[in-house]
Amino acid sequence: MTGPRDFFGAARIRPDAVSTARIALPACLLFATLLSLTGGSVSALASSLNGFELVDALIPAAEIIRGGPPKDGIASVDHPRFISPDEAKLKPEQRVMGVSFAGQVRAYPINILNRHEVVNDRFGGYYVAITYCPLCGSGMVFRAPEPDQALTFGVSGLLYNSDVLLYDRETESLWSQLLMQAISGPRSGEKLKLLTASHTNWQDWLKRFPDTQVLSEETGFDFDYARDPYEGYKNSGDVWFPVANQNSAYSNKEWVMGVVIDDLAKAYPFRELELTSGDFIDEINGQSVRIVWSKNARSAQIFNASGDEIPAVTAYWFAWFGFYPHTQVYRAADP
C-alpha cells in the first residue's frame, strides 16, 4: 500500500517525494512505536484505526496496523478514462493488469495502480474493482455479486500481513484483498467474487487483445506515473511490515501464481514454471488443471478440465505464504 511514508499519520507524503532506499522502521520498532501512541495498550490499538472499528474483526485486530496514510490518503480512481493502444504508447515490457469480462477488454498499467491501488470501474452493468497492493505485488479484480449492485472501494490506510485492507463506501466494511472477504463491519464474513485477470506485459496483452482499451494517465491527480516509488523495494528482499507466517523455501519477492480451489491453496513459483514445458497438466484437490506459462511475458494462467480459466493471483511468495501457510507448492520435479 505504501512505502516508507509518515507512519504516524502526521502528514501525507507523496510516494515520489520519498527515496526508495530502505528507510522504513524495522517491523518490531514500528509496532512498538504504534503501541506507544496508544499508551502501550494493544486493546486501544485494536479498537479503532483510521476511523474503522476493529473490536469484532475476523482477524487478530492487534495485527492490523497503519501503513502510513489516513483513510483515502491513497486516492482510488473513481472515474477512469480509457484510451486506445496507440494513444497509450506503452512499452512492450511494461506490466499491466488485463481484464476481459462482460464483452469488454481493458488494460490497467501497473505504474498507475502503484499510485492508486484501486480503480472503480463498470463492466457490462457490473461494478468491478481493480485492486493492486505494491507491497505484496498482488493484483486482484473483484466484481459485485449482482448486476447494478453498488460496490465501490477505497484504500483504508490499514495493512494486515503487509497487504492492503480495502473498505467499501456503501457500508464502511473492511475487506482483506488476499483473503478476499470482509473482515469487519456490516458485511463481515462476505466473500468477494474474484475475476480472472492477467498480470502480464503489454506486448503479451496487446497480442491477445488488440482491441483492448487502456486506462489513461489522466486520472485527475498530479503524479509522475513514469517514476516507480517501489523500485528499490521490489528489487530487494526487504519486507517493510509484519507478516504472521514466513517461509524461506523461496526468496520473499519470488513471484508465484496462487490459486484456491475448494478451500485448498496451491502456489506455482515462477522459478519452478521456468523448468517446465510451459504447458502442462497438474492436479489440485483431485481436480485436473492445465497450467500455461509464458516465459517471455512472465505470466501464468490456470484452466479447468472444461477449458475455462480459473481466477488466480500473481503475488510475492512471502505474501502468498503469509495468508496461506498450508499452501501446496508445485515443484517442477514432481511427477
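Once a new chain begins, its residue numbering starts again from 1 and follows that chain's sequence as written. Confidence filtering applies because this is a predicted model: local features only for residues at pLDDT of at least 70, side-chain atom pairs given and counted only at 80 or more, and all residues used for totals across whole chains, interfaces and linings. No hydrogens and no water enter the side-chain calculation; it runs on all heavy atoms of the structure.

Colleague: When you look at the layout of surface pockets in this model, what are you seeing that I'm missing?
Modeller: Space left empty within the atom packing is revealed by a probe, the size of a water molecule, rolled over the atoms. Only protein atoms enter the 1 Å grid, on which a cavity is a set of points fitting a 1.4 Å probe that cannot get out and a pocket is an open set with protein on both sides within 12 Å along at least 5 of 7 lines, lining residues being those with an atom within 4 Å of a point. Grid points are joined across faces, edges and corners, and a volume is the space filled by probe spheres set on the points. The calculated volume of the largest pocket comes to roughly 710 Å³. Around the largest pocket, the lining is made up of 27 residues, and of these Gln-94, Arg-95, Ile-110, Asp-228 and Lys-234 lie nearest the centre. Every helix listed is a DSSP run of H or I at least four residues long, and every strand listed is a run of E at least two residues long, numbered separately from the N terminus. Listed by contribution, the elements that provide at least two residues to the lining of the largest pocket are helix H4 (110–116) and helix H6 (231–234). Residue classes in the lining of the largest pocket are distributed as 12 nonpolar, 5 polar and 10 charged. As a volume, the second largest pocket reaches approximately 500 Å³. Forming the walls of the second largest pocket are 22 residues, and the residues nearest its centre are Leu-179, Met-180, Lys-191, Val-260 and Tyr-324. For the lining of the second largest pocket, the secondary-structure elements that each account for two or more residues are strand E14 (193–195) and strand E17 (255–261). Ranked by the residues each element gives to the lining of the second largest pocket, the list is headed by E17, at 4 residues. By the convention adopted, Pro, Cys, Tyr, Trp, Phe, Met, Ile, Leu, Val and Ala count as nonpolar, Lys, Arg, Asp and Glu as charged, and the other residues, Gly among them, as polar. Residue composition of the lining of the second largest pocket, grouped by class: 16 nonpolar, 2 polar and 4 charged.

Colleague: What am I meant to see in the pattern of salt bridges here?
Modeller: Side chains bearing opposite charge may pair, as long as their charged atoms lie close to each other. The salt bridge criterion pairs a side-chain nitrogen of Lys or Arg with a carboxyl oxygen of Asp or Glu, the two atoms within 4 Å. Per the stated rule, a full pass over the model turns up 14 salt bridges. A salt bridge links Lys-234 to Asp-228, with the shortest nitrogen-to-oxygen separation between them at 2.8 Å. Accessibility here uses a 1.4 Å probe with only protein chains present; expressed as a share of the type maximum, an area under 20% marks a residue as buried, one over 50% as exposed, and anything in between as partly exposed. Among the residues examined, Lys-234 registers a relative accessible area of 36% and is labelled partly exposed. A single network of salt bridges, built from pairs that share partners, joins Asp-72, Asp-78 and Arg-169.

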